[in-house]
Amino acid sequence: MSLPQPSLGGAPRREAVPFAFVAEADAFRSNVTPPPPVRPSRSELAGRVLVGLTVVAGLVGSLLFGLPALDAGSPPSHPKKSEASQNR
């Protein structure tokens, strides 16, 4: 048993394909119909809704807790001084 040898240039030899064959391949339609999509049950829908609400609530909560930290316009409520500077 012998294996096909590549041409001397190193690249495999390509065979010519008739244009009619390529054109027929585009028009091919399968006679096998895919199965209908499976509808999710009520519990699966409820689970997806709860996960979505949890994600949205987490984003809104992080925004609410993060906005005061990002506010650069307000001065600090009490100036920070060390105890050593108070006794002088």
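These figures come from a predicted structure and were not determined experimentally. (Residues numbered from 1 in each chain as written. Predicted model: local features only at pLDDT ≥ 70, side-chain atom pairs only at ≥ 80, totals over all residues. Heavy atoms only, no water.)

Colleague: How do you make sense of the overall build of the protein chain when you look at a structure like this?
Modeller: Counting its secondary structure elements, the protein chain contains three helices and zero strands. Along its sequence from the N terminus, the protein chain presents helices and strands in the succession α-α-α. Taken across its 88 residues, the protein chain has 0% of its residues classed as buried. Of the accessible surface of the protein chain, which amounts to about 9,400 Å², a share of 64% is contributed by carbon and sulfur atoms. (Helix = DSSP H or I, 4+ residues; strand = E, 2+ residues; numbered from the N terminus. Buried < 20%, exposed > 50% of the residue type's maximum accessible area, 1.4 Å probe, protein only. Areas by Shrake-Rupley, 256 points an atom, 1.4 Å probe, with all protein chains shown as cover.)

Colleague: I'm lost on the confidence of the model for the protein chain in this one. Help?
Modeller: As a note on interpretation, predicted positions should not be read in detail where pLDDT is low. In this model, the protein chain carries a mean pLDDT of 76, and residues with pLDDT of at least 70 account for 53%. Element-level mean pLDDT values for the protein chain span from 61 in helix H1 (residues 19–26) up to 94 in helix H2 (residues 42–70). (pLDDT = per-residue confidence, 0-100.)

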